[in-house]
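Now for the letters of each chain:
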Amino acid sequence: MNKDWIIRDIVKDLIIRVKGKQAILFIQAFVAVEVSSVLSHADNSLSQEDAGENYGGLLKKHHPLKINCSYACSRRCSKSSRKNLCHRACKSCCARCHCVPPGTYGNKDTCPCYAKLTTHGNRPKCP
């Protein structure tokens, strides 16, 4: 069960049991304690990151969004004179970079990984 729902249920029970000003004072105290615990937790996490003790971000694998490489490369290579060659190279680049620049030519600044890939002869690999 979510922590917010638990807190709401506790507050509802308290309002039913305690009437009037006492309930309002208790709820204010409860909210103040919750806010202070959240803030202290945020301060602790910031100090851990500053000290370099938080390794959680380093251990997680980054999974980029999946794109439809076939469709993106068909669009990219639509005006190419050698469609099969263009499509094959584009799909290879798309599989590595998970992006294809918009348009049929240029615009490689929108996808830096795509622009950096080269062949063995140091020529641009991606169309």
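Given the structure is predicted, the values throughout are model-derived calculations rather than measurements.

### A look at the state of the cysteines
For step 1, the next point in the chain: Inspection of the entire model under this criterion finds six disulfides.
For step 2, the next point in the chain: The disulfide partner of C69 is C94, and the gap between their sulfur atoms is 2.0 Å. In this structure the cystine formed by C69 and C94 twists about its S-S bond by roughly -75 degrees; its chirality is therefore left-handed. Here C69, found in helix α4 (residues 69-76), pairs with C94, found in helix α5 (residues 83-97); they are 25 residues apart in sequence, far enough to count as distant.

### Focus on the nonpolar core
For step 1, the next point in the chain: Among the nonpolar cores identified, the biggest contains 14 residues, and C90, V100 and Y114 are the most heavily contacted of them.
For step 2, the next point in the chain: Mapped onto this core, the elements with two or more residues apiece are α4 and α5.
For step 3, the next point in the chain: For this core, the element with the highest residue contribution is α5, accounting for five residues.
For step 4, the next point in the chain: What Y114 contacts, discounting residues up to four positions off in sequence, is R76, C90, C93, C97, C99, V100, P101, K108, C126 and P127.

### Details of α5
For step 1, the next point in the chain: Taking 1.5 Å of rise per residue, the 15 residues of α5 would be expected to cover 21 Å, and the 20 Å separating its terminal C-alpha atoms lies within 8% of that figure.
For step 2, the next point in the chain: Taken together, the buried positions of α5 are C86, A89, C90, C93, C94 and C97. All buried residues of α5 lie within an arc of 135 degrees about the axis, which places them on one face of the element. The exposed residues of α5 that point more than 90 degrees off its buried face are N84, R88 and R96.
For step 3, the next point in the chain: Tucked into the core, α5 has its buried residues touching α4 and α6 (112-116).

### Some remarks on the environment of C94
For step 1, the next point in the chain: We classify C94 as buried; its relative accessible area is 0%.
For step 2, the next point in the chain: Remark: the alpha-carbon pair of C94 and C126, spanning 32 residues in sequence, is separated by 8.8 Å.
For step 3, the next point in the chain: Excluding its chain neighbours within four sequence positions, the residues that come into contact with C94 are I67, C69, C73, C99 and V100.

Criteria and thresholds
Residues numbered from 1 in each chain as written. Predicted model: local features only at pLDDT ≥ 70, side-chain atom pairs only at ≥ 80, totals over all residues. Heavy atoms only, no water. Disulfide = S-S within 2.5 Å. Helix = DSSP H or I, 4+ residues; strand = E, 2+ residues; numbered from the N terminus. Core = buried A, V, L, I, M, F, W, Y, C linked by side-chain atoms within 4.5 Å. Buried < 20%, exposed > 50% of the residue type's maximum accessible area, 1.4 Å probe, protein only. Contact = heavy atoms within 4.5 Å. Expected span 1.5 Å × (residues − 1). Arc of directions from axis to C-beta.

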